[in-house]
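Descriptive analysis of the structure
The primary structure of each chain is shown beneath.
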Amino acid sequence: MQLNQYYTRSSKNMNLPTSLFARMTASECPHTHPKQQFINHALPRIDDTCRGKYLPQTHTQQRPQRLKRRAHAFCSEGCTVPGFHFHPKKLAYPKSVFFIIGNEFCERFSYYGMKAILTLYLKFQLMFSEDDSTIIYHVWAMLCYFTPVIGAIIADTFLGRFRTIFYISIIYVIGNAVLSISAIPPIMPDLNTKIAVSLIGLLLIALGTGGIKPCVSAFGGDQFVLPQQERQLAQFFSIFYFSINAGSLISTFVTPVLRDDVKCFNDDCYSLAFGVPAVLMLVALILFLLGFSMYTIKPPEGNIVVRVGSCVAHALRSKSKSKEKKEHWLDYASDKYEPKLINDVKILLKILVLYIPLPFFWALFDQQGSRWTFQATRMSGDIGGWTIKPDQMQVINPFFILMLIPIFDSFVYPLLAKCNILTKPLTRIFAGGVLAGVAFLISGFLELRLETTYPVPVKSLETRLSFINGLPCDVTLGLPFEEEQFTLKHLEEKVLKSVALDGVEYDLKVSLDLDTSNCGNIEHFDNVLRTKVFEKTAHVIMITADSNVVKLVNVDPPDEIEKSNEGLPRLRMLYNLEQNIPFDSAVVIRGESAYRFFISETDQGYISGTKFMDVEPETFEVFLPTEDNGTESTSIGSFSVKMGGVYDFMVHKPLDGTNETSVTIYEVTPANTIHMLWLIPQYFIITVSEIMFSITGLEFSFMQAPSSMKSVLQAAWLLTVAFGNLIVVIIAEAKFFERQALEFFLFAVLMFVDMVAFAALAVRYKYVDQNGEIEDSKEKPGKSGKENEAYSDDETNF
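First things first, this report covers the structure right here in the doc. (Residues numbered from 1 in each chain as written. Predicted model: local features only at pLDDT ≥ 70, side-chain atom pairs only at ≥ 80, totals over all residues. Heavy atoms only, no water.)

As for the overall build of the chain
Rules: Helix numbering and strand numbering both begin at the N terminus, where a helix is a DSSP run of H or I of at least 4 residues and a strand a DSSP run of E of at least 2. Accessible area is worked out with a 1.4 Å probe on protein chains only. A residue is then buried under 20% of its type maximum, exposed over 50%, and partly exposed in between.
Check the secondary structure of the chain and you find 20 helices and 23 strands. Counting all 798 residues of the chain, 53% fall into the buried class.

Here you go:
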């Protein structure tokens, strides 16, 4: 008769080992009710060993209903029930893990969504330089990977995983909210206050994401009963890893759209782009709490990281005080710590030696969110009618991860194994590191190509001159530093990108010649006109007329030749308009978006220019203001702008007696001509390197370390990521090169050198052919003495 319906319950209700979780069938079934059968036949026949160890005597005196809730089965580890035999019970998949998976998806959406736009926020909203933005970004990333060690210690030593996740998630939610609020201009009008609040928000987020990082996956594993549910546990981690990359993939695509396509307070909507991840983090916390009644919650059992650190510290202190010589310096800890822990730490340290070169990989890998994003801002993202945002390029990495992992597991690695290539973990890690260097070589060569599209800087004792002919006839100009005169047709431009000056300012004389009989309303001009020009300035000089007298207008403000840091077109208006148009009215340009360029009252009157603004890359129609400060309903012309270009558009009143105001577009700096899709090769290679380096590295670490040291290895792995970001901070702060291409090449070369050092360490490593356990030592056939398990004399095998 089946008694399972009465005697199987979750092990959390009773302090029984999971191996006791079984199904009991009676070999002799008396004709009694199953409840009474259990009381009459099962309990009296349980061994005293079992009764005393697993079922206190008081339990046998409880009602059957109470026994139904508390009893499992009592057969294992020396416990027998004569007349009964037992079969393993098939356990149901724990529904609680779906709350954990949902929590992880939302948290990763929040983290990667905020991270995708962070560097642009630091540069364009908090007004840090590109180098300083890179430094702050990587310092923050470094904190995100230092704090997991703290989170693990808190969970394992004090609070347990559930309470650690809950309390630190609250800090995480607050951090996201603070960062979102800091991005709202009316609330944070002062830049210094905005910077301070934003950095506080980032600090709280680093504490939050790092604090829960080592706890969530482990808490999910706590929901399974082992060894019965090993297969379900493996399936859980696959789904868990998929949820991480799915959250990253979606958020990295969505948040740049929210930032750029939605306008808040006449600017990019960073408050919304940070606000959505903040809401998702709140949803993550709520989902986590909804599963509370279903969770298996284990109490803290002590943190092995703390024990390892204490053991090492005690050994060093004892060694410094003792005169006794021992075989290994860790043996000095034997007076306080058990031999197994000391031996496990010895093996751990030998594995950690291989970790020394690993941070440099992360120094390269994490620049996807900083240097590579800034590189994308200097490229074109046009694809038909859609434009890729620079920060959206980061979506390529999680996309390739989801695509390539099954391909590598099912095809690449088996094919390489048939050729006896990359069959061992350390060779794969080495190959992954080399590929990371190759990715940065590609990014360096791409940067060299991009440099040809950058504006020519105006240096000291140099100036840039742009002459625009606004007269309705040809004009011949002569300059003192030009041997030959040149002629400009109506609305034509002549640009001299680099003109040497004798000092910081120069009195420029321009000789002028034109035919007044064929020049509309023009009646008079001077043969020589003068204007002052200055060093490191891009001047725009309009040859135009106020009424019927020719004049030179050196437009104030001058041109700005630098491209938009966000990769967008930069645009401003030059104008010579009728005096019946009121000041402070606006010329409006309309495409899918609309922008207003105001006519300000200046010393130059109705012949002047506006400041630059970033606009969307599209075609615009131009509408003049009316005398009553409205806007004309009929367009006077149109023009198009492209990503990365810097443009002046000129609105010029008619000087030829007609009634047609003209619109002309002038290119100050060429648009981005190299497409962002050329970034795909370097992203593809860095993703392949991640699969070979990171995933293989984790697998190697956990398989080679003693079982008691696996959590220490996880903490050490996260620290390599933190130190990798520290390397970026040091190199960025040192500012070895002004050219970004040379910095990319530097990282590539250092990565190759780093992998040579890794190979020198790895070539002496001897693999352990066991399931993660390393024997202390073993005798080698044909030799006396012991063989070190972690190293080998064969320097060709790694």
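More follows now that the structure is in view.
Some points on the sheet that holds strand 12 (residues 528-534)
To keep things clear, this is the line we draw: When DSSP finds two or more bridges between two strands, those strands count as paired. Inter-axis angles, ranging from 0 to 180 degrees, are taken between N-to-C directions of lines fitted to C-alpha atoms, where helices are fitted over the stretch in contact.
Pairing in this open sheet of four strands is antiparallel, and the strands run 9-8-11-12 from one edge to the other. Since the sheet does not close on itself, it has two edges, and those belong to strand 9 (486-488) and strand 12, each with one partner. Along the sheet, successive strands turn relative to each other by an average axial angle of 35°, direction set aside. The sheet contact formed by strand 8 (residues 475-478) and strand 9 spans three bridges and is antiparallel.

Some words on the nonpolar core
For the record, the criterion: The definition of a nonpolar core used throughout is a set of buried Ala, Val, Leu, Ile, Met, Phe, Trp, Tyr and Cys residues joined through side-chain atoms within 4.5 Å. Residues count as neighbours in contact if any of their non-hydrogen atoms are within 4.5 Å of one another.
Residues Trp140 and Met709 are the most contacted members of the largest nonpolar core, which totals 128 residues. With 13 residues, helix 6 (residues 96-124) is the largest single contributor of residues to this core. If sequence neighbours within four positions are ignored, tryptophan 140 has contacts with Tyr111, Met114, Lys115, Leu118, Leu202, Ile205 and Ala206.

Some points on the packing of helix 8 (residues 161-182) against helix 11 (residues 270-290)
For clarity, the threshold we go by: Put simply, angles under 35 degrees are roughly parallel, angles over 145 are roughly antiparallel, angles from 65 to 115 are roughly perpendicular, and the rest are oblique. Handedness of a crossing follows from how the near helix is turned relative to the far one, being left-handed for an anticlockwise turn of less than a right angle and right-handed for a clockwise one. Throughout, the ten residues Ala, Val, Leu, Ile, Met, Phe, Trp, Tyr, Cys and Pro are labelled nonpolar, Asp, Glu, Lys and Arg are labelled charged, and all others, Gly among them, are labelled polar.
Where helix 8 contacts helix 11, the axes come no closer than 9 Å and their chain directions differ by 160°. Judged on the interaxial angle alone, helix 11 and helix 8 are roughly antiparallel. Viewed along their axes, helix 8 and helix 11 form a crossing whose handedness is left-handed. Contact residues: helix 8 offers Phe162, Ile165, Phe166, Ser169, Ile170, Tyr172, Val173, Asn176, Ala177, Leu179 and Ser180, while helix 11 offers Ser271, Phe274, Gly275, Pro277, Ala278, Met281, Leu282, Leu285, Phe288 and Leu289. Tallied by class, residues from the contact of helix 8 with helix 11 come to 16 nonpolar, five polar and no charged.

Things to note about the layout of surface pockets
As a reminder of what qualifies: The distinction between a cavity and a pocket rests on a 1 Å grid over the protein atoms alone: a 1.4 Å probe fits inside a cavity but cannot get out, while a pocket stays open yet meets protein on both sides within 12 Å along at least five of seven lines, and a residue with an atom within 4 Å of a point counts as lining. Grid points are joined across faces, edges and corners, and a volume is the space filled by probe spheres set on the points.
For the second largest pocket, the calculated volume is near 1100 Å³. Looking at the lining of the second largest pocket, the elements that each hand over two or more residues are helix 10 (230-261), strand 4 (267-268), strand 6 (386-387), strand 17 (594-598) and strand 19 (613-614). At three residues, the largest contribution of residues to the lining of the second largest pocket is made by helix 10. Split by residue class, the lining of the second largest pocket holds 13 nonpolar, eight polar and 16 charged.

Quick notes on the pairing of strand 11 (residues 505-513)
The pairing of strand 8 with strand 11 spans three bridges and is antiparallel. Counted as the bridge partner of leucine 477 is leucine 512 from strand 11. Where strand 11 and strand 12 come together, seven bridges link them in antiparallel fashion. By the bridge assignment, tyrosine 506 is partnered in strand 12 with valine 533.

Re the packing of helix 8 against helix 9 (residues 191-222)
Viewed as axis vectors pointing N to C, helix 8 and helix 9 meet at an angle of 150°, and their least axial separation amounts to 7 Å. When the interaxial angle is binned, helix 8 and helix 9 end up roughly antiparallel. Both helix 8 and helix 9 take part in a crossing whose hand is left-handed.

A closer look at the sheet that holds strand 21 (residues 637-640)
Hydrogen bonds between backbone atoms are what pair the strands of a sheet, whose relative direction is either parallel or antiparallel. Here four strands make up an open sheet; going across it, the order is 17-16-20-21 and the pairing antiparallel. A strand with exactly one partner marks an edge of an open sheet, and here the two such strands are strand 17 and strand 21. On average, adjacent strands in this sheet sit at an angle of 25° to one another, irrespective of strand direction. Bridging between strand 16 (residues 586-590) and strand 17 involves five bridges; their strand directions are antiparallel. Directly across from valine 587, in strand 17, lies its bridge partner phenylalanine 597.

So, the pattern of salt bridges
Note on pairing: side chains with opposite charge can pair once their charged atoms come close. Selection criterion: The term salt bridge refers to a pairing of a side-chain nitrogen on Lys or Arg with a carboxyl oxygen on Asp or Glu at a separation within 4 Å.
Applying the stated criterion across every chain, the model contains 28 salt bridges. A salt bridge links arginine 161 to aspartate 156; its shortest N-O distance comes to 4.0 Å. Classification of aspartate 156 as buried rests on a relative accessible area of 18%. Here lysine 298 makes a salt bridge to aspartate 222, at a shortest N to O gap of 4.0 Å. One end of the pair, lysine 298, is in the loop between helix 11 and helix 12 (304-321); the other, aspartate 222, is in helix 9, and 76 residues separate them in sequence. Residue lysine 298 is classed as partly exposed on the basis of its relative accessible area of 40%. Look at aspartate 222 and you get buried, because its relative accessible area is 10%.

Structural notes on helix 8
Heads up, the condition is: Multiplying one less than the number of residues by 1.5 Å gives the expected span of a helix.
Helix length check: helix 8 (22 residues) gives 31 Å between terminal C-alpha atoms against 32 Å at 1.5 Å per residue, within 8%. Listed as buried for helix 8 are Phe162, Thr164, Ile165, Ile168, Ser169, Tyr172, Val173, Gly175, Asn176, Leu179, Ser180 and Ser182. Turning to helix 8, the residues buried within the fold contact helix 6, helix 7 (130-159), helix 9 and helix 11.

Some thoughts on the packing of aromatic side chains
Our working rule: Working definition: a ring pair exists when centres of Phe, Tyr or Trp rings (six-membered ring for Trp) sit within 6.5 Å. Plane angles under 30 degrees give stacked, over 60 give edge-to-face, the rest tilted.
Counted according to the given criterion, the structure contains 44 aromatic pairs. A ring pair is formed by phenylalanine 360 and phenylalanine 747, whose centres lie 6.4 Å apart and whose planes are at 55°; its orientation type is tilted. Of this pair, phenylalanine 360 sits in helix 14 (residues 359-365) while phenylalanine 747 sits in helix 20 (residues 740-762), and the two are 387 residues apart along the sequence. With respect to class, phenylalanine 360 is no different from phenylalanine 747; both count as buried. Judged by centre distance (5.8 Å) and plane angle (75°), the ring pair of tyrosine 595 and phenylalanine 620 falls under edge-to-face. Here the residue tyrosine 595 occupies a position in strand 17, and phenylalanine 620 occupies one in strand 20 (residues 619-623), the gap between them amounting to 25 residues.

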